[in-house]
Amino acid sequence: HRPHLNVIVNLHDLRAGGPGSTVEGQPVPGPVLGALACDSNLHRWIFDAESGKLDYGISTQSISPHLFNAIAVRDRHCRYPGCDRPLHWCEGHHLQWYEDQGPTRPENLALVCSRHHHLLHKKDWKARIEPDATLIVTDPQGRERVSRPPGHLWAAA
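A. Fine view of the pattern of salt bridges. Under the criterion given, the structure shown has 8 salt bridges. Ionic pairing is found between Arg145 and Asp139, a salt bridge with its closest N-O pair at 3.2 Å. The exposure class assigned to Arg145 is partly exposed, which follows from its relative accessible area of 29%. Taken together, the salt bridges that share partners define one network made up of Arg74, Asp75 and Arg79.

See the structure below:
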């Protein structure tokens, strides 16, 4: 099994030898991207059409690798407002908790670091995601904090 690397590039740029970037935002020059693509398994993520199964409803709490990768491309790092902990520190969080019939699908998940994941499970903390993937966190005093998705590829379906 070879190492896994997520690189974001649209198909036109890949074919034209253009650059891409890692999920964390590090640039990947076109020639390097071409070498990586030469001996790689390529996966596509389509954000405005049906493709692989990303909605598991309430049949499972576990976030599949495909689903995690999809929200990683959207979120890139901890989505708690003001936090920039990198992707490899993050966990998937059900915004409507699984125990409360929250579905396991992108519209109900956000990547958050362990610290903020535990915080969001405390009494009276709430989080919701808007159709454009804007995350809104409300603290116990009713104050809202907003985090917009850093990825430019995400679009509401």
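B. Examining the pairing of strand β4 (residues 90–94) more closely. Among the 5 residues of β4, 4 are classified as buried, and the element is accordingly described as predominantly covered. One ladder, built from 5 bridges, connects β4 with strand β5 (residues 109–113); its direction is antiparallel. Bridging from a neighbouring strand, Cys90 pairs with Cys113 of β5.

C. Spotlight on the nonpolar core. Counting residues in each nonpolar core, the largest one holds 25 residues, and the members touching the most others are Cys78, Tyr80, Leu120, Leu135 and Val137. Listed by contribution, the elements that provide at least two residues to this core are α3 (65–75), β5, α4 (114–120), β6 (126–129) and β7 (135–138). Among the elements that make up this core, the one with the highest residue count is β5 (5 residues). Excluding residues that lie within four positions of it along the chain, Leu120 makes contacts with Tyr80, His93, Trp97, Val112, Trp125, Ala127 and Val137.

D. Representation of unusual backbone geometry within the structure. With a phi angle near 70°, Asp124 is a residue other than glycine that sits in the positive phi range. Within the secondary structure, Asp124 sits in the loop between α4 and β6. Since its relative accessible area comes to 42%, Asp124 is described here as partly exposed. For Ala133, which is not a glycine, the phi torsion comes out positive at approximately 75°. The residue Ala133 is located in the loop between β6 and β7 in this model. Its relative accessible area of 1% is what places Ala133 among the buried residues.

About the thresholds
- Residues numbered from 1 in each chain as written.
- Predicted model: local features only at pLDDT ≥ 70, side-chain atom pairs only at ≥ 80, totals over all residues.
- Heavy atoms only, no water.
- Salt bridge = Lys/Arg side-chain N within 4 Å of Asp/Glu carboxyl O.
- Buried < 20%, exposed > 50% of the residue type's maximum accessible area, 1.4 Å probe, protein only.
- Helix = DSSP H or I, 4+ residues; strand = E, 2+ residues; numbered from the N terminus.
- Pairing = 2+ DSSP bridges.
- Core = buried A, V, L, I, M, F, W, Y, C linked by side-chain atoms within 4.5 Å.
- Contact = heavy atoms within 4.5 Å.

All we've got here are geometric facts, nothing functional implied.
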